[in-house]
Structure formats: C-alpha cells, structure tokens
Amino acid sequence: MSKDITLNVNGIDHHVNIQGNETLLKVLRDKLGLTAAKEGCGAGECGACAVIYNGSPASSCLILAVEAEGVEILTLEGITPKDHLHPIQQAFIDKGAVQCGFCTPGMIITTYSLLKSNPDPSEDEIKKAISGNLCRCTGYVQIIEAIREAARRLKRVKGRRK
Amino acid sequence: MENFEFISPITIKGAVSQYKKGANNYYLAGGTDLIVLMREGILVPEKIIDLKTAGLPSGIKKLKTEIRIGALATLSEIEHSSFIRKEIPFLAEAAGKLGSPLTRNRATIGGNLCNASPAADTATPLIAVGAKFILSDGKKERRVKAEEFFKGVKQTVLKKGELLKEIVIPRSAGKGIFYKKSRIKLVDLATVNMTVYREKKKYRIVIGACHITPLRIRAAEEKLNKAKKIDLALINETAEIVVKTIKPISDMRGSAEYRKQLVETHVARLIGELAGVEV
Amino acid sequence: MKNFINLGRDVNRLDGYDKVSGNAKYIADYEFPGMLYAKVLRSPHPHAEIISINTSAAEKMEGVIAVTHSGKCSHKMGLYLVDRPVFATGKVRFKGEPVAAVAALTEDIAAAAIKKIKVKYKMLPLVDNIEDALDKNATLVHPDLMKYSYLPIYYPKKGTNIFNHFPLRKGDIKKGFKQSYKIYENEFTLPQIQHVPMEPHGAIAKWDRNDKLTVYSSVQSPFTLRNLLRLAFGLSHKDVRVIAPYVGGGFGGKAGINMEPLAVALAKEAKGKWIKLIFSREEVFLGTTVRQAMRARVKTGIAKNGRIIAEEIEMIFDGGAYAEYGTNVVRAAGYTCIGPYDIKNVKGDTYGVYTNHLVGGAFRGFGHGELHWAVESQMDIIANDLKMDPAEFRRLNVLKPGSINSMGEKITKHTGDMVACIDAVAKDLKWGKPSKKPAKPYIKRGKGLAVLEKAPAMPANATSCARVKFNEDATVIVQFSGMEIGQGCITALTQIAAERLKMDVSKLHAAGLPDTDFSPYEWQTVASRITWAVGNAIINAVDDAHEKIKKVASKVLKVKASQLDIDGEKVFVIGNKGKSIALPLIIMGYQYPDGHTIGGPVEGVGTFTPHLTNLDAKTGQGHAAAEWTFGCEGAEIEVDTRTGELKILNLVGAFDLGTVINPSTARGQIIGGMIQGLGSAVLEELKYKDGKIANPSFVDYKIPTAADLPDKIKHIFIQTPDDGGPFGARAIGEHPMISIPPAIANAIYDATGVRIKALPLTDEKILSSLKEKK
Ligand SMILES: Cc1cc2nc3c(=O)[nH]c(=O)nc-3n(C[C@H](O)[C@H](O)[C@H](O)COP(=O)(O)OP(=O)(O)OC[C@H]3O[C@@H](n4cnc5c(N)ncnc54)[C@H](O)[C@@H]3O)c2cc1C
Ligand code: FES
Ligand code: FES
C-alpha cells in the first residue's frame, strides 16, 4: 500500500508519499532528511530512534508512518534552537556526556521530555527515564551528570523569566 | 517488513468486520509486539487494522465499585495514574517494569494481554486482583475472568475477530505485591514474575513465566487460607506447593531449575511481607 | 607536574557540537543520487558444503541490479592471516556467513530478491567447541590452512585446527616447580561476547568503470581497510579511496576489514553506482567479529615467602570460523600471558583454534581481558589458600622498577607504578576493614580486586603521520587519521598540538575525519595507541613547522635559526623578544617592503614509528610492548545467598595513564570501559544451540542500562609520566574493561566462599554454585 499523508514534524507540515510498511524512523530519515534519529536496532530496544511523539518520547522504529498522520512529532532537529544550543545540548557537551555520539540524539530527546514533566529529577528517576536508551561508550555516569546540570540550568532560565 | 494494507476503522464493528475479511489480518494497538514480529518476518499481515481510531476505550476510569481500564490505555498511563498507584499499586508497579519508558509510552495493556506471553507483566496482577475482561465482537460483549483469558503461549479465549475492549477491576481494600526478576534491572522480559494478593485474609498467588500461561496456584492459596496462623513453616510449605505446581521451561532467560528456585524464595518473601512474617 | 596551558584540563570535545545537534553524519546518514541498496544472504547452517547456488529468479526481479556470490567474487581477505572469503566459498563455516548479496533500487526489493536465491547445502560435521577442535580426529574447518598467506610472526599447525600457537619460555620451568613450596592448578573459561557498538556497521562503495574504487565506511582503520581492499580486489593503493565519517562506537569491532568487501563486490558488478549496505542489529551479531571464547589452565608455583617462582599457562582461544585478525589476539595474550607479575620461570602456550562459531577478532582488551580473567582469579585462589591478604600478595609479586616481564623486557620507573594503583584501589575500598553489615543474614558482602597491564598490540611497523597547516591568520589546522570512534582523540590530539604550538586550543581546528586521498597515513585506530602514537607524530609535525618558520625568520632577522624561538603569536630572538615577527606576517611567506617574498605557506609534517622487535619464535622473548599501562580495579558487592542476586555496591579503577591530557574524556574512557567490563563480567555471553547462535538480538543479549550502574563508581588517575609518550601520556582506552570480571569474582568469593571459574557471573550461576557448595 502506498499513501499520501501529512506529517507534522517540528511544527512543519510535510506532505509525503509513504508505503504502509515504512516506519516513522525511515520516513523521517529517508524522506524528510531528518537524520538525527538513528537506527540502532529497529526493534524498540535501544532508544537511538527516539522522537517526541504526541508529547512523549517513543521509539520511532516501532511506529508506522501511516499511524503518525495528524500527530505532532518533535525530533532533535526541532529541539535545537536556530542560533545556539539548547541548555540540555550544552550540558551534554560541558559534562562530557558524549563519546561516539550515536546514542546522543535519543538521550537528549528522552532528557528533554523528562525535564518537561519532572524539572528536578532524582538520580534514580534519571536512571529509570533513560533506561531505554542504550549507550555503550560512556557508562552513563557523565550522561546522568549532564542531565542534572541541564535541570539546574533550565530552572535558572525559568527563574529569570519569572 | 513486507507491505500491507493499513485500515483505520472508526467503530469496533468496522474493525471486526475488516478483520474477518481475511485470514491474515491483525489488529494494531501500540505496535510494540506486532511491528517487531513483522520486521522479523514472523508475521506477514495482509491488513493491519488500527484499533486506535476504532472507538475503543482508552483511559482509566474510577467508578464506585470498580476501576475500568480501556484496552488502549498505555502502560505509562497505568504506571503514572495516581489512583491506580493508590488502589492497585502492584499493577502500577508491574506496568512500570514493562520494557522502557519509550516502550511504555506506546504499549497498551490490551496488547500486553492479547499478545498472551506467559511472561506478560500485567497478567499476574490482574489475575490476582480478580479482574474481568470485557470482550467484544462488534455486536455482542462478554465478560471473562482474567485467569480464564489465557489458553496457552500466544493463545487466548478471543474468538476470530473478537477484541479486548476493557478491563474491569473490583475496588477493594486488598493488598498485593508484584515481583519481577529479570537479567538486568529494567527493560527486560521476566525470568519470573508474580503477584501475591491478600484480601480479608484470603490469598491469591499468581506466577508468570513458569507455565504456558500465567498460573494461579489455588492449592497454595488454600493452604494459607485454611491456616489459623501463618508462620514461617507454613509459608515455606506453601512455597513448596507453588514450586511443585509450576512447570517452567529452560530458555535464554534462565533454566527451569533456576526459575523454580527463584519462585520458591520470592513467593515466600511476598507472602511473608503480606502476612507480617519475617522470611 | 609541569605547567601546561592546554593539557590536564577539561577542554570540551571538539566534536561535541556536531554530536549534540544531530549534525554529525554517520555512515547510514549518507545518501547519494542513484544509490542502490544491498542485502546479504546468510548461511542458515554452521558447517555445510555448498552444493549449488541458483540466483536466476533473483536476477530476473524488477529493480534488481546486481547479484553476486563466490562464483563471481572469490577473493579472500585478512589482516594477519588471509583465510576469510568475502562470500562463503565451497562451504559455509558458521551460521550467518555471507553466501550471496543483492543490490537493488530499494531495500525492499533487495530483501525480497535475497529470498529467491536458492542454495543447496550438504551438512558437514560440526566443530562446536575447543574440545571438538582439538580432538585427534577433528574435522578440519580449514583443510587448506597451510596454503593461506600469513605474516611470519604466526605459527599455524599443519593438519590441525590450530591457526596459531604462541610459545613463551623464560627461565627454567621445571626447576621453578621443583623449588616450589606449593603448586596450584586451575582452569578458567569465558564465552564469546559482542562489542555492541550502538551504530551498526555500514559501508557505501562505488567502483567506477575506470577501476577506481571509493568506499565510505564506519571503520576504525581507513588506511588498513584501503590496503586490505586493494589486496583482496587486486587494485593499486592509488586507485582505492576510503572516506571515514564519524563512527558510532568501535571497541575493535570496526578494526581491520569487516563487511566492506560485500559492498565492494556488488559495486564491481554494478559499476558506477553507489552501493549502500547497512547491517541490521542481527547482522552485527552474526556478521561482524566477536571477542573469542577462551579456556585457560594456569599452574603456579609459590615459594615459602609467598613469591611466585614458576607459572605454566595454557590458553586456548576459540577463534571461530576465520582467524584473520584474531590470530594476533592469540599472540598478544601469549606474550602477556602471566599478567603484570615478576616471575622467573614461565612456560606459556597460547593457541587459537578454528571452530564453526562466529568469527573472533579485535575486541577492547585484545586478549588481555581473557588472560587476566584466568590469572587474576588464580592469584586470589593462591592468596586465600596461603592466608595472605590478596592485595599484599599482589604487592609482593607485581612488576616493579627492575623487574623483568614475561617477554624479558626490563621495567623502569617510567613504565608505571603498579603498586600505587593497588594502594589507591585498596584505600577506596577500605581494604582490610569488613563491609558494613547487610540488612539480612542471608545477604553477604565482600570485596575483591584485580590488577592488569596492557601494551598496544601492534606489529613493529605500525606507523603514524600527522600534519599541521598554518592559516593566514595564524590559526592552525591539524590533520591526522586517528579515527574519532568516541574516545575523544580529535580533542586530545588537538590539545597536544596546541600545547606544542604554545597556542590556546581555540586557535586550532582538527580535520579529524580521514579521507585516504588527502589525510596523512595512519595504521589503525586500535590498541589504545592513538593519543600516544599520533600525539608523538603531531609533536614532530609542530616541530617541523616551527623549523620552517625559523628558517625564513633567520633570513629576515639575520640571526641563526637556533637563536630563534616561537610562541603562539610570533617568532622571536631568544633573549630579545622585541626582535620578532608576528606569525601572520611569515606563515604564508614573508614579504619585504619592496614586495618580494620569501618562504611560503607553512605546513609541518611529522611521523612516528614505535621501536619494537619481533619476538623469538621459540621463546617469545623480545620487545613487543611500546609502552605499558598498569592498573588495578576493585569491587565491593553483595550477594543474596537465597537467590544468587548480585548487587554491585562499588566499582573503582586506578590506572597509571601518565600525563592526563583531558581529564573529562579520560574519565569517560575509564567509566565507560568499567561498565562494559561489568557487562562482560555479569551478563554478556553469545550462546549457541547446535552450533547456531541463539541470542543475536538485544532481546536476549543484554548490555547494562543506566539502571544497572553500581551504587558507586570511581576512577583514579595515577600519573607517572611515560618517557616515550607525548608530554608523558600513555594509553587508557582498553584497560578499564580488563579486570572488572576477576575483581567481581574475587569479591563474590570473599562474600560467599564460592569460586566461579567461568564467566559470566550471572545470578543464576552464583545461585547454582552456592547450592553446589552446600
Ligand atoms: C523493547 C521492548 C520491551 C518489552 N518489554 C516487555 C516487558 O518487559 N514485559 C512485557 O510483558 N512485554 C514487553 N514487551 C512486549 C510488548 O511491549 C508488550 O506486550 C505490550 O504491552 C504490547 O502492547 P501493544 O499495544 O504494543 O501491542 P501490539 O503490538 O499493538 O499488539 C500485540 C498483539 O495483540 C493484539 N491486540 C492488541 N490489542 C488488542 C485488543 N484490544 N484486542 C485484541 N487484540 C489486540 C494485536 O493484534 C497483536 O497481535 C516489550 C516490547 C519491546 C519492544
Ligand atoms: S532503533 Fe528504535 S529502539 Fe533501537
Ligand atoms: S556515546 Fe556512544 S553509544 Fe552513547
């Protein structure tokens, strides 16, 4: 089956022709050129493909593109501000939370969503939140530190706005 | 993954009639089981029928005497629902131990049950708490007890085209504990999982991943229910009955022998915790 | 310690922006117009003769552009031993071996076409483990072994499954045992494990009609890949171009040559078209290399005073179906076979054998995780039996300045401080004091530690080249071909360049993603050698650039070049800073007021060659270690003795890594390595059923998640400068993974009295061992 659909990604409507068996991940990467989300397993096990789907993070490799019509989708490209980095991204750099970088987009997506719903997570809450994002390089410690640092910085930004 | 036809019915009736049109059609809920199987080529559906548009109930409702969970409720919703956490915390616990947050944001409780894995994490708490499932074939509805729903590995009482609509849980003052052992702490299928539940001094013991279905161990329950006083010796005897009843297999997650040992120790611990006996 | 301007500080990763923004491109992110997509048909059997391959139905499919298999492509490949065909030829030797490949307009078409290829097999007897392989009447996995080409530093055995035997002889082993007061003998084993880089392997290849080959690959070794591709396909180096994008993790699994020839073979059939082949996760498990399984027997003789005076060690590696790179794992484990101990009399025999298992290859630790598992378990068994403190027993026996190691190399005070590593770990673990009492009587706590050493395992001619190019504004571009595989080499190497240039690192840009047509030569990004070896090449490149600047400046300033010095901004006369030329005025050539110009754009070139020798064929004596890194790792754990459940309370690692270039990235290497080590200790195992891999996915091959971290984890830097390293730095990439397994096993013994001699230390195994003990 092939179908013309409208995908709302990062606030923009994209009209694309898709096959029934194409996953959201594949369409984002191959048809929309949004390659920040990665395929690490294609089976929901690694989190490299995470996007924010309808407000919460999900593995885009286990979502069919046809299902995604009418859903708001946010990818790492959409989180990155136009002329600088998001405080989470900067914290990941500053805290040495990045090594090979392959898990990083998914980690940042999960962090983004965690800090939205829980601005001041405990270490255990962070560990649980990122438990579906595998990282083979860092041993997670510096990622957890970066998430805590990002939480601190975001609170400061919020405080200033008030 | 092979291509297929994707259908978004707008009623349950529509969904069922589409389903019945072929021998190789599948309902799609969260897709976290189905899409994995399709990707591996284990399933090659002709039609995928999306239940998310079909008017199935999705939320969690608190009624006077019962709690209703729509088949499309996600595991995340159940994990975080404040009144599930308060009234059936062991179900919230089980939901929160299934897969990862990324999985739980998509995976539905209906999918977890209909997939009918012997290790399904939401099965033992629902059986223990005496839940009933409302099934619909688009015309008629029927209710089955949770413990009668599972028939075998990947097999349920669902008739062709019939779907799971809603889960009904009686509100009660019972207390239960869910336990899951897996190879890594989170994001893994259960080597064993179990729920022990106590209501008005009556126990229910349900063990998962140790039989072709989740298994309620009535003989063990009776042992406890009949006893005047629950002490360590009785708990150990009960655990022995449980171990004698289950028929685990050896697989990647553990040997049959290991599963038995895990069940023996942990079922005793859960009973002890509910009965206030140091195990 | 010296005052550095760029070293020893947390310079943010220079690739950080690319990686947090999604800007970083990995192999799967590349798309070219007209690209074709490839899929591979793999063997369903572990050992079978190929009777026939029929591809006609696949070839007829619409959208299929090329189909290939051993009938069209019969090339063999291999880094050290050329035994591995691109496509199974004549027979298949492991389940998952590539048999044929298809390139088509879409992935779906390629996948459908693969299913239409018909292959007839005839089963052959299975060589399913080390015992099968060594059996007197063993089926030979490679009957033609002696016809393969290999480097003369390896010793295959005719008529057997042994593809390499590395002997080591030191002192007089018979005498050593004769003089021993006690002798201990034990056997240890470990299974195959996977690297599990988060990025699956991939390659994109184009073979032009004029026989120029271009390959993009997720590779640790662009130049070695180029060399091996041109050998396999019979091309000249100048006609092969390898371009390496960011690599999403390697750990050895993307070293040497891997899956690239599959894409190249298809490219040759569809000339002028880009062929893209990206492995699925299952294919990473099946179709790339793994860490070899091993069985070791260790026999140790002890003198009355607790000194080890004799050790005989036999290690047998299950190298799987092909040995091409893995044969050097055998050698590296062989020459380090006794670990970091000072032992007079040694007899080591290390073997690699063929089986019908997944192909063994390079893996973080390169044989050392394996040998230390055996040696460091053995040391604890001995210390406990002697009623000696295991830390003290090690302090007494480890290498110290003046010691002679297994190969006969002399240890100096620059080699590193093993005892300081032990002391640091002991202190962190509160060694000697009992653990806090656990909440329940059936929960037992214990502590354990294990030491380690490793040198880069590389041939004596593993060389490096680097360049520094001045820009008009006196900023600098640094070029090298060490691969950024996550370890942070782009950042560390730029810091080294900046330090030598006496500039702030912000004035430099690293062109860190190599293209063999433009980038300086580098052997491979393996063996933890990049910061150390390329760092040295960069220092030489800076010196070369400075010489060039001074040469021109000496003419302008009319002084001898030797009277000049350069800081980050100017070249000046020593002792007279006023007499100087600002760098921007000279680095593109110096222009006199009348317009005429001398000199030209300044580019420095530097190379580095380690000073090594081959090892003696009979005794293994010689000099194979360019530098050593010593370390010690410790664990405090608790065990629920009723369920076997293991909980890691504390993991600590101390490493003598010399001068720390970048504490943040060094810490990242250490913590990441320790957690990968934790996975190999308690979880990871490739399981076989009837010779077929049974867990080739994340469903059943589990690696640690964030939830599996120990309650505490700590890294400790010991910094004894290495006299041969750049600014005193030495290697740290692999080491943190190595001795976590024995440290945990030793802690389990301390807690429960149960000694487990086979990895992994799963809860299930702990429980069954506890039951056996009762
Ligand atoms: C990474 C990962 C980890 C996982 N971990 C766990 C775990 O720890 N524990 C566990 O139990 N499971 C686990 N699973 C399995 C799976 O996620 C769960 O079973 C999940 O609840 C399935 O729900 P779903 O909505 O995604 O089902 P789907 O995949 O949409 O459907 C599953 C099956 O049920 C049928 N179905 C779905 N809804 C209905 C309905 N209302 N009526 C009739 N039939 C229906 C579908 O046709 C399909 O055959 C994991 C899966 C992944 C990918
Ligand atoms: S690629 Fe989607 S979870 Fe791994
Ligand atoms: S940084 Fe490499 S996988 Fe996380």
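Residues numbered from 1 in each chain as written. Chains lettered and ligands numbered in written order. Predicted model: local features only at pLDDT ≥ 70, side-chain atom pairs only at ≥ 80, totals over all residues. Heavy atoms only, no water.

J.: Account for the overall build of chain C, naming residues and giving values.
T.: Of regular secondary structure, chain C possesses 18 helices and 32 strands. Rg of the C-alpha trace for chain C: 27 Å, near the compact-globule value of 28 Å for 774 residues, within the 12% margin. The principal-axis extents of the C-alpha atoms in chain C amount to approximately 95 × 70 × 50 Å. Of the accessible surface of chain C, which amounts to about 26,000 Å², a share of 51% is contributed by carbon and sulfur atoms. Of the charged side chains in chain C, 100 are positive and 83 negative, and the gap between their average positions amounts to 2 Å. (Helix = DSSP H or I, 4+ residues; strand = E, 2+ residues; numbered from the N terminus. Rg over C-alpha atoms; globule rule 2.2 N^0.38 Å. Areas by Shrake-Rupley, 256 points an atom, 1.4 Å probe, with all protein chains shown as cover. Lys, Arg positive; Asp, Glu negative; His and termini not counted. Charge placed at Lys NZ, Arg CZ, Asp CG, Glu CD.)

J.: Talk me through the site of ligand 1; I want residue IDs and the actual numbers.
T.: Near ligand 1 you find 36 residues, and of these Tyr27(B), Thr32(B), Asp33(B), Thr108(B) and Asp121(B) are the closest. Positioned at a junction of chains, ligand 1 has nearby residues supplied by chains A and B. Residue Asp33(B) places a side-chain N or O atom 2.7 Å away from an oxygen atom belonging to ligand 1. The contact in question runs from a nitrogen atom of ligand 1 to an N or O atom on the side chain of Asp121(B), over 2.7 Å. Considered on its own, ligand 1 offers 980 Å² of accessible surface; in the complex 93% of this is hidden by protein. Of all the secondary-structure elements, those providing two or more residues to the shell around ligand 1 are strand S2 (25-28), helix H7 (109-114) and strand S10 (163-170) of chain B. A per-element tally of the shell around ligand 1 places H7(B) first, with 4 residues. Here the shell around ligand 1 is built from residues that sort into 19 nonpolar, 11 polar and 6 charged. (Near = heavy atom within 4 Å. Polar contact = N/O pair within 3.5 Å; in protein donor to acceptor, adjacent residues only side chain to side chain. Nonpolar A, V, L, I, M, F, W, Y, C, P; charged D, E, K, R; others polar.)

J.: Please give an account of the interface of chain A and chain B that cites residues and values.
T.: Taken together, the contact between chain A and chain B spans 29 residues of the former and 27 residues of the latter. Roughly 2,100 Å² is buried in total at the junction of chain A and chain B, and carbon and sulfur atoms are behind 61% of that figure. At the junction of chain A and chain B, the tally comes to 3 salt bridges. For Lys128(A), the salt bridge goes to Glu79(B), with nearest N and O atoms at 3.3 Å. Our count for the contact surface shared by chain A and chain B stands at 11 residue pairs in polar contact (both at pLDDT 80 or more). Listing elements by their share of the side of chain A that touches chain B, those giving two or more residues are strand S3 (50-53), strand S4 (56-59) and helix H5 (123-129) of chain A. Sorting elements by how many residues they give to the side of chain A that touches chain B places S4(A) first, with 4 residues. (Contact = heavy atoms within 4.5 Å. Buried area = accessible area lost by both parts, 1.4 Å probe. Salt bridge = Lys/Arg side-chain N within 4 Å of Asp/Glu carboxyl O.)

J.: Hey, could you go over the pattern of salt bridges for me, with residue numbers and the actual values?
T.: Note on pairing: side chains with opposite charge can pair once their charged atoms come close. Here the structure, examined in full by the defined rule, presents 86 salt bridges over all chains. Residues Arg152(A) and Glu149(A) are paired through a salt bridge, measuring 2.6 Å at the closest nitrogen-oxygen approach. Residue Arg152(A) and its partner Glu149(A) are located together in helix H6 (residues 141-161), separated by 3 residues, close to a single helical turn. Residues Lys61(B) and Glu166(B) are paired through a salt bridge, measuring 3.7 Å at the closest nitrogen-oxygen approach. Here Glu166(B) lies in strand S10 and Lys61(B) lies in strand S4 (residues 60-62), a separation of 105 residues in the sequence. Owing to a relative accessible area of 6%, Glu166(B) belongs among the buried residues under this scheme. The network of salt bridges with shared partners includes Glu45(A), Arg183(B), Asp188(B), Arg253(B), Asp700(C) and Lys702(C). (Buried < 20%, exposed > 50% of the residue type's maximum accessible area, 1.4 Å probe, protein only.)

J.: Please provide a residue-by-residue account of the interface of chain A and chain C, values included.
T.: At the junction of the two partners, chain A supplies 43 residues and chain C supplies 49 residues. Buried surface at the junction of chain A and chain C, summed over both partners, amounts to about 3,600 Å²; 57% is from carbon and sulfur atoms. Here chain A is connected to chain C by 6 salt bridges. Two residues, Lys38(A) and Asp29(C), come together in a salt bridge whose shortest N-O distance is 2.7 Å.

J.: Could you give me a rundown of a positive patch on the surface, with the residues and numbers involved?
T.: Taken together, the side chains of Lys13(B), Lys20(B), Lys139(B) and Lys160(B) define a basic patch exposed on the protein surface. Summarising the element assignment, Lys139(B) is placed in the loop between strand S6 (132-136) and strand S7 (141-145). (Patch = residues over 30% accessible without salt bridge, like charges linked within 9 Å, V, L, I, M, F, W, Y side chains within 5 Å.)

J.: Help me get a handle on the sheet that holds strand S19 (residues 464-470) of chain C, residues and values and all.
T.: Strands pair in a sheet through their backbones, by hydrogen bonds, and they do so in one of two ways: parallel or antiparallel. Residue and element names in this part refer to chain C. Pairing is mixed across the open sheet formed by 4 strands, whose spatial order is S21-S20-S19-S27. Each edge of the open sheet carries a strand with a single partner, namely strand S21 (508-511) and strand S27 (603-608). For this sheet the average axis-to-axis angle between neighbouring strands, irrespective of direction, equals 20 degrees. Across 4 bridges, the pairing between S19 and strand S20 (residues 476-479) is antiparallel. Within the sheet, the bridge partner assigned to arginine 467 lies in S20 and is glutamine 479. (Pairing = 2+ DSSP bridges. Axes fitted to C-alpha atoms, helices over the stretch in contact; angles between N-to-C directions.)

J.: So what's going on with the domain arrangement of chain A? Residues and values would help.
T.: Residue and element names in this part refer to chain A. Per the domain assignment, the segments of chain A are domain 1 (2-78) and domain 2 (87-161). Between domain 1 and domain 2, the C-alpha centre-to-centre distance is 22 Å. Counting residues at the interface gives 15 residues for domain 1, matched by 12 residues for domain 2. The junction of domain 1 with domain 2 conceals about 1,100 Å² of combined surface from both sides, 71% of it contributed by carbon and sulfur atoms. In this assembly, domain 1 and domain 2 are joined by 0 salt bridges. If you look at where domain 1 meets domain 2, you find 3 residue pairs in polar contact (both at pLDDT 80 or more). It is S3 that provides the largest number of residues to the side of domain 1 that touches domain 2, a total of 3 residues. Its residues assigned to classes, the side of domain 1 that touches domain 2 shows 9 nonpolar, 3 polar and 3 charged. (Domains from an automatic or database assignment.)

J.: Provide a residue-level description of the packing of aromatic side chains, including the pertinent values.
T.: Centre-to-centre distance and the angle between the planes together describe a pair of aromatic rings. One pass over the full model with this rule turns up 24 aromatic pairs over all chains. Taking the centre distance of 6.5 Å and the plane angle of 70 degrees together, the rings of Phe166(C) and Tyr335(C) count as edge-to-face. Residue Phe166(C) is found in strand S9 (residues 162-170), and its partner Tyr335(C) is found in helix H9 (residues 327-335); the two are separated by 169 residues along the sequence. Note on accessibility: Phe166(C) and Tyr335(C) belong to one class, buried. Pairwise contacts between aromatic rings join Tyr30(C), Phe32(C), Tyr216(C) and Trp274(C) into one cluster. The ring of Phe83(B) carries Lys62(B) above its face, with NZ or CZ at 5.1 Å from the centroid. Over the aromatic face of Phe572(C) sits the side chain of Lys577(C), whose NZ or CZ is 4.7 Å from the ring centroid. (Phe/Tyr/Trp six-rings, centres within 6.5 Å; stacked < 30°, edge-to-face > 60°. Lys NZ or Arg CZ within 6 Å of the ring centre and 35° of its normal.)

J.: Quick rundown of the sheet that holds strand S1 (residues 5-7) of chain B? Include the residues and the values.
T.: Residue and element names in this part refer to chain B. Strand order in the open sheet formed by 3 strands is S1-S3-S2, with parallel pairing between adjacent strands. A single partner strand is all that each edge strand has here, and the edge strands are S1 and S2. In this sheet, neighbouring strand axes are inclined to one another by 25 degrees on average, regardless of whether the strands run parallel or antiparallel. In terms of strand pairing, S1 meets strand S3 (residues 47-50) through 3 bridges, oriented parallel. Residue pairing across strands places phenylalanine 6 opposite isoleucine 48, the latter belonging to S3.

J.: So what about unusual backbone geometry? Which residues, and what values?
T.: All names here are of chain C. A cis amide bond links leucine 759 with the next residue in sequence, proline 760, at an omega value of -5 degrees. Looking at where proline 760 falls in the secondary structure, it is placed in the loop between helix H17 (740-752) and helix H18 (763-773). With phi around 60 degrees, phenylalanine 251 is a residue other than glycine that occupies positive phi space. Tracing the backbone through its elements, the reader meets phenylalanine 251 in the loop between strand S13 (240-243) and helix H7 (260-269).

J.: Help me get a handle on the domain arrangement of chain C, residues and values and all.
T.: Residue and element names in this part refer to chain C. What the domain assignment reports for chain C is domain 1 (16-23 + 463-608), domain 2 (31-124 + 198-249 + 254-287) and domain 3 (293-407 + 415-458 + 613-773). Of the residues lining the interface, 23 residues belong to domain 2; the matching set on domain 3 comes to 25 residues. Carbon and sulfur atoms make up 67% of the surface buried where domain 2 meets domain 3, a total of about 2,100 Å² over both sides. Taken together, the connections running from domain 2 to domain 3 amount to 1 salt bridge. Here glutamate 324 and arginine 84 are joined by a salt bridge, their closest N and O atoms 3.7 Å apart. Counting across the domain 2 and domain 3 interface gives 11 residue pairs in polar contact (both at pLDDT 80 or more). At the level of secondary structure, the elements contributing two or more residues to the side of domain 2 that touches domain 3 comprise strand S5 (84-85) and helix H8 (281-287).

J.: Would you mind going over the environment of Ile18(A) in detail, with residue names and values included?
T.: Residue and element names in this part refer to chain A. Examined against the element boundaries, isoleucine 18 turns out to sit in strand S2 (residues 12-19). On a C-alpha basis, the gap between isoleucine 18 and isoleucine 5 in space is 7.3 Å, while along the polypeptide they are 13 residues apart. Sequence-distant contacts of isoleucine 18, defined by excluding residues within four places in its chain, comprise Met1, Ser2, Lys3, Ile5, Val27, Lys31, Ala65 and Val66.

J.: Quick one: what's the story with the environment of Ile84(B), residue by residue and with numbers?
T.: Checked against the element boundaries, Ile84(B) lands in helix H4 (residues 82-87). Ignoring any residue separated from it by four or fewer positions in sequence, one finds Ile84(B) in contact with Ile60(B), Ile67(B), Ile69(B), Ile78(B), Pro89(B), Leu91(B) and Ala92(B).

J.: Can you tell me about helix H15 (residues 663-682) of chain C, naming the residues and giving the values?
T.: Counting along an α-helix, one turn takes 3.6 residues, and residues three or four places apart therefore face a common direction. Residues and elements named next belong to chain C. With 20 residues, H15 extends 28 Å between its outermost C-alpha atoms, agreeing within 8% with the 28 Å of an ideal straight helix rising 1.5 Å per residue. Burial runs high along H15: 19 of the 20 residues are buried. Its side-chain oxygen placed 3.1 Å from the backbone nitrogen of serine 664, asparagine 662 serves as the N-cap of H15. (Expected span 1.5 Å × (residues − 1).)

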